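Here is what each chain is made of, one letter per residue.
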Amino acid sequence: MELIDKANKYFMETYAQLPVVLVKGNGSTVYDTEGNSYIDFTSGVGVNSLGYGDKEWMKAVAEQSKSLAHISNIFYNLPSILLAEKLVDNACMSKVFFSNSGAEANEGAIKLARKYSFDKYGKDRSAIITLKQSFHGRTVTTLSATGQEKYHDYFFPFTDGFKHVKANDYDDFINNLDSSICAVMMEAIQGEGGVIPLEADYVKKVVAKCKENDIAVIFDEIQCGIGRTGLLFGYNHFDAKPDIVTVAKGLASGLPMGAVLCNEKLGKVFKPGDHGSTFGANPVASAAALAVLDKICNKAFMDSVITKGDIIKEFLKNNCNTILEVRGKGLMIGIQIQGDAAKVQKEALSNGLLVLTAGPDVIRLLPPLVINEGELAKGLEILCRVIDK
């Protein structure tokens, strides 16, 4: 195809892109340049939380773009103030910093935790524990935080100050806990690492030990936050109260936006000049995020996400014969298969379905939160047929 040849001529080779050029979407279905339709079980890797063509979202973005698309953070802008109030209140946190992406939000969380510890204990207490199979971003620092060896190459020197421990292994956590640790960073569900949920008892014990030692608890909710699991955040499934929470992806449903939330204890750690982001709190992205929160922050919507997740699990259980395991919560589902996940992804594409992978043998599903049951049923029929084939 001419367009793909042109893309390959000019793009750096950072993505193993699939051979379609998508041009439009409606609901949870997207269309390519040839007029082919695809049911989307990816939502742009969890970004398009409201799917495609949501009327309230489009209106909010269009109206804001007419009045003020961008302004320096030297000044206040109205959408970001309204968004800060809504996000902080719904999260039961104290303060927020807005960024552009998940990696940038995690960088902000790392800086915030380290400055809190520096101010109180000095410079020798700066290390952060993260989990093996975690994924926290692609900057040099967040790659170092990421607990997957395949990312720890080429880009030396990586940022120092991270220890990786086995998820759901409290003894491994305790064995790595020493006077150098200032924070622990976890994903409630490890998305890129294989859609692996943390165990409630593990989280409870880790958080309690951190509180006992004034170690900051950071939950990376980049992928599993903003309603993805049927609650606002993945950690809401546990009895956990973090000090810092990072969000991005689904927050603005298609526009670049991330955020770092913190509790009252850390609310005044950053001072003017300590941190910043040129496009953080962008008015248009803030207006989009407001539209997202207006739609999802109610029990009926969250319950619908849980119901649809249950439909997926039940369908796979009753209709797929070769699946090894289905795991996850809400509309964040991992399917471990007896075979090559990348081959299933390609075959699904040729049958009109978009899916993700999370390792060599895991299919990952992150459909738009608004997907209807008709689209869900049609997509699941395609998926089971392809997996069993």
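Asker: Which parts of the structure should I look at to understand the packing of helix α4 (residues 78–91) against helix α9 (residues 283–296)?
Answerer: Each pair of packed helices can be described by the angle between their axes along with the distance between the axes. Where α4 meets α9, the axes come as close as 8 Å, and the angle between the chain directions of the two elements is 35°. Handedness of the α4/α9 crossing: left-handed. Residue-level contacts link Pro79, Ser80, Leu82, Leu83, Lys86 and Leu87 of α4 to Pro283, Ser286, Ala287, Ala289, Leu290, Leu293 and Asp294 of α9.

Asker: Help me understand α4 in this model?
Answerer: Side chains that are three or four residues apart share a direction in an α-helix, a result of its 3.6 residues per turn. Relative to the 20 Å expected for 14 residues at 1.5 Å per residue, α4 spans 20 Å between its end C-alpha atoms, a close match to the ideal helical length. When we look at burial in α4, the residues that qualify are Pro79, Ser80, Leu83, Ala84, Leu87, Val88 and Ala91. Angularly, the buried residues of α4 cover 145° about the axis, an arc narrow enough to put them on a single face. Structural note: α4 exposes Leu78 and Asp89 on the side pointing more than 90 degrees away from its buried face.

Asker: Can you help me understand the sheet that holds strand β13 (residues 323–329) in this one?
Answerer: Each strand in a sheet pairs with another by means of backbone hydrogen bonds, the pair being arranged parallel or else antiparallel. Spatially, four strands are ordered β13-β14-β17-β16 in an open sheet, and the strand pairing comes out antiparallel. Looking at the sheet topology across the chains shown, the edges are occupied by β13 and β16 (356–357). Pairing of β13 with strand β14 (residues 332–337), which is carried by six bridges, proceeds in the antiparallel orientation. In the strand pairing of β14, Arg327 is matched with Gly334.

Asker: Please clarify how the sheet that holds strand β10 (residues 216–220) should be interpreted in this entry.
Answerer: Sheet architecture is open: seven strands sit in the order β4-β12-β11-β10-β7-β5-β6, paired in mixed fashion. Two strands close off the open sheet at either side, each with one partner strand: β4 (95–99) and β6 (162–165). Neighbouring strand axes in the sheet, compared pairwise and without regard to direction, differ in orientation by 20° on average. Strand direction decides the pairing type here: strand β11 (residues 244–247) and strand β12 (residues 258–262), joined by four bridges, are antiparallel. Bridging from a neighbouring strand, Val247 pairs with Ala259 of β12. Sheet strands in contact with α4 are β4 and β12, and its direction is about 125° off that of β4.

So, how was this worked out
- Residues numbered from 1 in each chain as written.
- Predicted model: local features only at pLDDT ≥ 70, side-chain atom pairs only at ≥ 80, totals over all residues.
- Heavy atoms only, no water.
- Axes fitted to C-alpha atoms, helices over the stretch in contact; angles between N-to-C directions.
- Helix = DSSP H or I, 4+ residues; strand = E, 2+ residues; numbered from the N terminus.
- Left-handed = near helix turned anticlockwise from the far one by under 90°.
- Contact = heavy atoms within 4.5 Å.
- Expected span 1.5 Å × (residues − 1).
- Buried < 20%, exposed > 50% of the residue type's maximum accessible area, 1.4 Å probe, protein only.
- Arc of directions from axis to C-beta.
- Pairing = 2+ DSSP bridges.

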